[in-house]
Structure formats: C-alpha cells, structure tokens
Amino acid sequence: MGERPEITRSRDRCRARARLLPAVAVAVLVAAAGCGDPARTADTVPSSAPAPTTERSPARTPGPPDLPAPDAKIPGDAAKLAAALEKTAGRLAEAVDAWTAGGAAKGTPPEEVRLLALHQQRIYRFAARHPKVADRAFARLPAGLAAQARDNTAAIRELLSLARPIKGSATFKVQDPLPAGTLLGHFKKAERRFGVEWEVLAAVMFAETKFGRVRSASHAGAQGPMQFMPATWKAYGMGGDIRNVRDAVMAAANYLRATGAPRDYRRALHAYNPSQAYVNAILLHARQIKRDPRNYYAYYNWQVYVITTTGERRLTGP
C-alpha cells in the first residue's frame with residue numbers, strides 16, 4: 001500500500017518539530033499520522049510498534065458462566081447489540097461501584113470488572129467497524145448510554161482509521177499496570193501542580209500505553225508509560241525517570257501546560273501528537289471520564305490489541 005499524502009506532510013512537520021525539541025512520540029494507534037514508521041503501526045501499542053520479543057501473549061481462560069467469556073461472540077443484529085451493550089454497561093457500573101466502595105481501587109480488579117470491561121471494549125470495537133449496525137443499535141439506547149456509546153465508538157474509529165497492520169508473527173512486551181487508585185493519585189497530583197485536568201492526563205496514558213501495560217520502547221525511540229522522546233524528556237522531565245509512572249505523568253502535565261493547556265487543550269494535545277484524530281480521541285475519552293468517573297475504571301480494564309496482517313490480536317487481559 002502506498003504512502004498517503006497526509007503521512008508525508010505529517011513527517012515533514014515532525015522533522016521540523018524534531019529540530020525544536022519535538023513533542024512526545026506518536027501515540028498508540030496513530031503512528032500513521034506521526035513521526036514513526038507508518039508501515040509498522042500497531043493498534044494500541046506505541047507508535048511504529050515496539051521491537052518484537054519472545055514474550056507470548058497471555059493465555060485466555062473462560063469466565064464464569066454468568067459473565068461474558070473473553071471471546072464471547074458480539075451480536076451483529078442491531079437490537080441484540082443494543083441489548084448486550086445496555087446489559088454490560090449496567091452490570092459494569094455496579095461492579096465498579098462495588099470495587100471502589102470505601103476508597104480508591106487497589107490491587108488486581110475483580111474478575112467481574114475485568115470481564116465486563118473487556119466485553120464492553122469489544123462491543124465498541126465492533127461498533128467502530130460496523131457504523132450502520134452501530135447507528136441502529138445506539139438509537140435504541142437510553143440517551144446517556146447512547147451518548148457514551150457514540151463518544152467511545154467515534155474515538156476508536158478515529159484512531160483505527162490511522163492504524164496500519166503489522167506482521168502477524170510479531171510479539172510485544174507487556175506488563176500489569178499499577179493499581180487504578182495509585183494512577184489516579186498521580187493524575188490528580190499532576191493536576192494540582194500544573195492545572196492540567198486529571199481526566200485529560202488519564203486519557204493520554206490510556207491511549208499511549210493502556211495505563212502502562214505496554215512496556216517496550218517504540219521503534220522511533222519513545223519510552224515510558226507516557227511515550228516521551230528522550231530530547232523532549234530532557235526538556236520537560238524535570239530530572240525524573242522516563243520509565244517511572246509518577247515522573248512520566250508529571251512530565252506530561254508539564255509539557256501540556258507549556259504548550260497551551262488548560263487554556264487550549266486542542267493545541268496542547270496536537271503538540272503532544274500532531275494528529276487531529278489523536279486529539280479528537282483524547283478529548284472524547286476525557287469527556288466520558290468527566291461525565292462519570294466510573295468510566296475511568298472501565299477504561300483502566302480495557303486491554304491492549306494489535307492489528308496484524310493476519311487479523312486482530314489481543315495481548316493482555318483475561
């Protein structure tokens with residue numbers, strides 16, 4: 001497949017940016033529009049997919065009978081899709097409430113939360129690829145859930161439109177993220193220091209590495225949970241460790257503040273990653289977290305996928 005004109009233009013912008021301490025490396029899903037190698041872009045792994053390793057993807061195990069299995073079929077009928085999404089969203093909200101009752105979520109999420117969030121993610125990924133079915137399904141939903149569904153689907157669709165498949169034989173380094181409550185503390189501390197909304201910081205980390213699940217450096221050299229290029233880190237990392245989650249979140253807030261946030265999030269996020277699709281997706285996910293903080297905990301349990309020449313592959317989760 002030939003290189004698209006917009007990729008060439010984006011590369012020109014990135015070369016110019018590189019001479020002026022470039023912004024953070026191109027994020028997950030969107031290297032086709034950034035400074036990496038668009039021929040190797042993966043879905044939800046750092047730009048220009050991380051170097052292959054010998055690490056295997058986690059084995060999949062079926063969930064309890066009353067919960068959706070990790071590979072449960074997603075219905076292609078609009079009415080059934082709407083019913084599945086409404087049921088999953090309701091049960092997931094209840095499960096998140098139980099998990100977070102009494103304070104911040106610590107440790108490994110309950111299996112119920114993990115399986116329901118994965119099923120929700122898979123429904124939205126299906127909807128992003130089948131817009132006509134999705135439109136009919138979402139029209140059947142209550143207004144609040146329909147708005148959430150449209151935002152999530154639009155965000156996924158924006159980023160998938162820029163993804164390029166990688167070789168099916170490639171494998172990637174992944175890891176368990178820090179507890180959701182710990183990450184939330186880092187996001188809120190960065191918000192207090194730099195004035196950048198914690199929901200935006202969470203959405204950036206969610207898009208970049210699925211909250212730190214991807215641990216490989218990118219092909220272009222971006223590192224850490226917020227995917228910084230070394231030169232940018234030197235300027236905005238405040239002497240911290242690029243792979244340390246707390247330091248990386250603080251640096252991201254520092255960089256976003258320096259490039260326009262909170263006055264102009266679109267400008268700041270475009271500096272972070274010069275892709276309009278990326279900017280749109282971050283703001284859509286951040287809006288959902290603002291509308292209902294339970295969405296943060298749902299996103300925390302969404303998993304890492306890659307798009308390969310032989311099909312889609314999930315790297316993490318149950």
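Summary of the structure given here.

## Some remarks on the pattern of salt bridges
Inspection of the entire model under this criterion finds nine salt bridges. In this structure, Lys-290 and Glu-197 form a salt bridge, with 2.5 Å as the shortest nitrogen-oxygen distance. One end of the pair, Lys-290, is in helix α11 (residues 276-291); the other, Glu-197, is in the loop between α6 (180-194) and α7 (198-209), and 93 residues separate them in sequence. A salt bridge links Arg-294 to Asp-292; the shortest N-O distance between them is 3.0 Å. We classify Arg-294 as partly exposed; its relative accessible area is 30%.

## Notes on unusual backbone geometry
Between Ala-261 and the following residue, Pro-262, the backbone shows a cis peptide bond with an omega angle of 0 degrees. Examined against the element boundaries, Pro-262 turns out to sit in the loop between α9 (245-258) and α10 (265-272). In the Ramachandran plot, Lys-210 falls in the positive-phi region, its phi being about 50 degrees despite a non-glycine side chain. Turning to its location among the elements, Lys-210 is positioned in the loop between α7 and α8 (230-236). On the accessibility criterion, Lys-210 (4% relative accessible area) is buried.

## Side note on the side chain of Thr-100
Along the chain, Thr-100 falls in helix α2 (residues 78-100). Sequence-distant contacts of Thr-100, that is, excluding residues within four places in its chain, are made with Ala-105 and Tyr-297.

What counts as what
- By convention here, each chain's residues receive numbers from 1 onward along its written sequence.
- This being a predicted model, a pLDDT of at least 70 is required before a residue's local features are given, and a value of 80 or more before pairs of side-chain atoms are given or counted; all residues contribute to the totals for chains, interfaces and linings.
- Side-chain calculation: all heavy atoms of the structure are included, whereas hydrogens and water are not.
- What counts as a salt bridge is simple: a side-chain nitrogen of Lys or Arg found within 4 Å of a carboxyl oxygen of Asp or Glu.
- Here a helix means four or more residues in a row that DSSP labels H or I, a strand means two or more in a row labelled E, and each is numbered from the N terminus.
- Between buried and exposed lies partly exposed: a residue is buried under 20% and exposed over 50% of the maximum accessible area for its type, with that area taken using a 1.4 Å probe on protein chains only.
- In what follows, a contact means two residues having at least one pair of non-hydrogen atoms within 4.5 Å.

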